[in-house]
Structures are given as C-alpha cells and as structure tokens.
Amino acid sequence: MRTGTVGDHELIRSSWADPERFAGIFDRHAEAIHRYLARRIGRSFADDLTAETFLVAFRGRERYDVSHPDARPWLYGIAANLLRREQRTEVRQYRALARTGVDPVGDGDTDRVLARVAAEDHVRKLAAVLARLSVREREVLTLVGQAQLSYPEVARALGIPVGTVRSRLHSARRRIREALRDHPELDLTNGADDERA
C-alpha cells in the first residue's frame, strides 16, 4: 500500500456511516476478483459472480475485521464461497480447454498468441489435470498461483488453518506432477512447494 493511501479497512469502516465509500473497495479490487472468477468459470459467469461478490461484501461490511488493512483475502473468500456453488461450470471450463486447447478467458491481441500456444497438446493435458482436482485443491491452487495470496491470506479467505492450505496445495501440486510426469516442461510447481508466509 502506498504511503498516504487510505487502507481498505479504513474505507470499509467509513462506509458503515457513508455507504458510498464502499465504491473505493470495488474500484481497487473488482478487476482482480473478476480475473480470478473468469479463470475459474469463464467470463459470462464471472461478470455475475463479481457483482454478487461485492454485493455480499457490501451487505457484510459491518462484520469486516478492520484489524486487517487489506480486504483482498476477505473478497477472495467470498468469491470462493460463491464458486463452490458453480463448481460444475468450472470443471466444464477446464474440460472444454482440455478438448479444444482454446482458453475462453483470453482477450484481444493476447488471444492470437494464446490460441497458438493453447492449441498445443500441453495445454490440453494441464487443463485435464486441473479438471480432476478437487474443488478445494483448485481453489487453494488458484488463490496462491493466480491471485498471489500468501498462505495466511488464503487461510483467512477460506476460513481454514494455514496447515490445511499447505496440505491442499501440496496435494494439488503432487497430483499435477504425477499426471504430467511424461511432460516435465509443464511442471509449473518448480519441483517444490514454495512457502509464502
């Protein structure tokens, strides 16, 4: 957080009396939450779930623990809870990527580059593995890998102990390594679990 910038916790606290202030939370985090959701279930569903995430957050803002200056883990936790209802869509998304090699989340100029890369068998294999992970493994993996949350932030987002985050992430990475054993170039885990304290 830049010096002089009002923290998320201060915006949320001020929104208790002035609800318009909550728009600052949306402005700061909506794009990242949308990217996270789009990666998991596709753009069409991500639009609605992003809106729903911020609606749930707005309605629950008075219960926010203002001792946490960064609201991202809280928002990702809300999004992850909403995603659990949509897990079938997420699995279909990965299976479609596994079949076609075309990433439905790509956009603009990136699409042309990704279309060439995504056409490779590697992407299909990786997507097939992701589709077979449990929803709990997938949510930890994407919160660490895509959202770049630390282990404690993931634990806070999902309401689970840090040890459970480590366990689920280790299990997901192990299953990915096993499934892609014949394709070491796809080992996105870099051979070992990192520790994000």
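Up top is the structure these notes are about.
Residues numbered from 1 in each chain as written. Predicted model: local features only at pLDDT ≥ 70, side-chain atom pairs only at ≥ 80, totals over all residues. Heavy atoms only, no water.

Student: Before we go on, may I ask you to explain the overall build of the protein in this structure?
Tutor: Helix and strand content of the protein: 10 helices and zero strands. The order of α-helices and β-strands along the protein, N terminus first, is α-α-α-α-α-α-α-α-α-α. Per-residue burial over the protein gives 44% buried out of 197 residues. A sequence separation of at least 24 residues applies to 66% of the contacts in the protein between residues at least 6 apart. (Helix = DSSP H or I, 4+ residues; strand = E, 2+ residues; numbered from the N terminus. Buried < 20%, exposed > 50% of the residue type's maximum accessible area, 1.4 Å probe, protein only. Contact = heavy atoms within 4.5 Å.)

Student: Would you mind showing me how to read the environment of Leu130 here?
Tutor: Among the structural elements, Leu130 can be located in helix α7 (residues 121-132). Relative accessible area serves as the criterion here: at 15%, Leu130 is assigned to the buried category. Taking the C-alpha atoms as reference, Leu130 lies 9.3 Å from Arg175; in sequence the two are 45 residues apart. Dropping the residues within four chain positions of it, Leu130 is found in contact with Tyr94, Arg138, Leu141 and Ile176.

Student: Whenever I open this one, the pattern of salt bridges confuses me. Can you help?
Tutor: Close approach of charged atoms lets side chains of opposite charge pair. Per the stated rule, a full pass over the model turns up eight salt bridges. Here Asp70 makes a salt bridge to Arg72, at a shortest N to O gap of 3.0 Å. Under the relative-accessibility criterion, Asp70 is labelled partly exposed at 24%. Salt bridges sharing partners connect three or more residues here, namely Asp70, Arg72 and Glu153. (Salt bridge = Lys/Arg side-chain N within 4 Å of Asp/Glu carboxyl O.)

Student: What exactly am I supposed to notice about the environment of Ala96 here?
Tutor: Considering the arrangement of structural elements, one finds Ala96 in helix α5 (residues 87-100). According to the relative accessible area criterion, Ala96 is partly exposed, its value standing at 26%.

Student: When you look at the packing of helix α3 (residues 43-59) against helix α4 (residues 72-85) in this model, what are you seeing that I'm missing?
Tutor: The geometry of a pair of packed helices is captured by two quantities: the angle between their axes and the separation between those axes. For the pair α3 and α4, the least separation of the axes is 9 Å and the interaxial angle reads 125°. By the angle between their axes, α3 is oblique relative to α4. In terms of crossing hand, the pair formed by α3 and α4 is right-handed. Contacts between α3 and α4 involve Leu49, Glu52, Thr53, Phe54, Val56 and Ala57 from the former and Trp74, Leu75, Ile78, Ala79, Leu82, Leu83 and Arg85 from the latter. (Axes fitted to C-alpha atoms, helices over the stretch in contact; angles between N-to-C directions. Parallel < 35°, antiparallel > 145°, perpendicular 65-115°, else oblique. Left-handed = near helix turned anticlockwise from the far one by under 90°.)

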